[in-house]
Amino acid sequence: PEEAKKIARHSPLVALVHHPLALETGLSPADAGKLCESERTALAAARAIIVTSPSTGRLLGEDYGVPPRSITVALPGTDRAAPAKGSTNGTVQLLSVGAVVPRKGFDILITALAPLAELKWRLTIAGDLTRDFVTAAKLQAEIAQHKLTGHIDLLGAVPHEQLASLYSSADVFVLASHFEGYGMAYAEAMAHGLPIIGTTGGAIVDTVPPNAGVLVEPGNMKALTCALRMLIANEKERRLFASGALAASTGLPTWQGTAKIVAAVLEGLA
């Protein structure tokens with residue numbers, strides 16, 4: 001907030017809020033409270049605030065005292081993509097994309113998959129393993145504890161070309177996030193025509209429509225296991241949701257559209 005106030009004295013300050021810092025999973029109540037107050041004070045110095053979803057905009061208005069007139073929603077763009085080809089060996093390929101941090105719920109996902117070891121599936125997790133070394137180590141231990149080492153590939157961060165290949169060869173996208181300020185990986189998966197298994201945390205319900213997949217309450221392992229079982233075992237359901245995801249992706253914004261919205265905010269202040 002000190003830097004925000006300093007900048008605001010000589011220039012109009014614009015804040016970009018993907019999601020409030022205090023809502024990061026794993027924080028102590030004291031740390032969450034400090035971050036909430038710090039961000040509230042910093043945002044008060046901003047002349048304009050850009051958010052990545054209507055959900056985040058509502059949060060800032062209700063919990064951070066930001067006037068609605070100061071908020072502009074600029075949904076992240078999504079690159080157009082060819083529909084996924086899926087697996088060819090009879091094993092259902094599950095793909096999860098995201099940095100391995102507590103908020104992404106990978107521990108929940110592993111526990112939810114444990115009762116399904118008898119089914120034919122393989123999970124690939126593509127995401128930075130260096131952001132939170134403790135969480136990454138715990139995830140590897142949980143995979144071993146549930147005897148799922150042979151079912152799961154933990155790749156770490158991958159280059160863009162490899163990620164595109166992973167989307168193309170997947171059958172189902174799954175991410176058990178506790179909260180998302182938009183859910184860019186969900187949107188990318190829909191652009192590839194993948195059926196979605198996710199949660200209702202934050203803005204995900206705005207990003208993923210009901211015909212594109214199954215969303216469960218964050219942390220509800222039983223419901224997540226049921227959703228996984230249904231889509232792993234039922235090709236017809238996968239195809240149905242894949243069709244819905246592909247249809248929904250045609251309405252996703254482009255990066256050019258996102259840039260125009262942000263440019264208009266900056267031009268208005270200039």
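About the criteria used
- Residues numbered from 1 in each chain as written.
- Predicted model: local features only at pLDDT ≥ 70, side-chain atom pairs only at ≥ 80, totals over all residues.
- Heavy atoms only, no water.
- Helix = DSSP H or I, 4+ residues; strand = E, 2+ residues; numbered from the N terminus.
- Rg over C-alpha atoms; globule rule 2.2 N^0.38 Å.
- Buried < 20%, exposed > 50% of the residue type's maximum accessible area, 1.4 Å probe, protein only.
- Areas by Shrake-Rupley, 256 points an atom, 1.4 Å probe, with all protein chains shown as cover.
- Lys, Arg positive; Asp, Glu negative; His and termini not counted.
- Charge placed at Lys NZ, Arg CZ, Asp CG, Glu CD.
- Phe/Tyr/Trp six-rings, centres within 6.5 Å; stacked < 30°, edge-to-face > 60°.
- Pairing = 2+ DSSP bridges.
- Axes fitted to C-alpha atoms, helices over the stretch in contact; angles between N-to-C directions.

Caption draft 1: Layout of the overall build of the protein chain. Along the backbone of the protein chain there are 11 helices and nine strands. Relative to the 2.2 N^0.38 estimate, which gives 18 Å for 270 residues, the radius of gyration of the protein chain is 20 Å and therefore close to what a compact globule would have. Each principal axis of the C-alpha atoms in the protein chain carries an extent, and together these give about 60 × 40 × 30 Å. By residue count, 46% of the 270 residues in the protein chain fall in the buried class. Of the accessible surface of the protein chain, which amounts to about 13000 Å², a share of 57% is contributed by carbon and sulfur atoms. In the protein chain, which carries 23 positive and 24 negative side-chain charges, the distance between the mean positions of the two groups comes to 2 Å.

Caption draft 2: Summary view of the packing of aromatic side chains. For the structure shown, the criterion picks out two aromatic pairs. Centre to centre, the rings of F173 and Y186 are 5.7 Å apart; their planes meet at 70°, and the pair counts as edge-to-face. Here Y186 lies in helix α7 (residues 184-191) and F173 lies in strand β7 (residues 172-174), a separation of 13 residues in the sequence. A residue is classified by how much of its surface remains accessible, and F173, at 0% relative accessible area, is buried.

Caption draft 3: Quick look at the sheet that holds strand β9 (residues 213-216). With parallel pairing, the six strands of this open sheet are ordered in space as β6-β5-β4-β7-β8-β9. Strands at the two margins of the open sheet, each flanked by one partner only, are β6 (152-156) and β9. Looking at each pair of strands side by side, their axes are set apart by 20° on average, direction ignored. The pairing of strand β8 (residues 196-199) with β9 spans four bridges and is parallel.

Caption draft 4: Quick look at unusual backbone geometry. Residue K147 is not a glycine yet carries a positive backbone phi of 55°. Summarising the element assignment, K147 is placed in the loop between α5 (133-145) and β6.

Caption draft 5: Summary view of the sheet that holds strand β2 (residues 48-51). Ordered by their spatial adjacency, three strands build an open sheet running β1-β2-β3, and the pairing between neighbours is parallel. The sheet terminates laterally at β1 (14-17) and β3 (71-73), the two strands that pair on one side only. Pairs of neighbouring strands in the sheet enclose a mean axial angle of 25°, with direction left out of account.

Worth remembering: the numbers are spatial, not functional.
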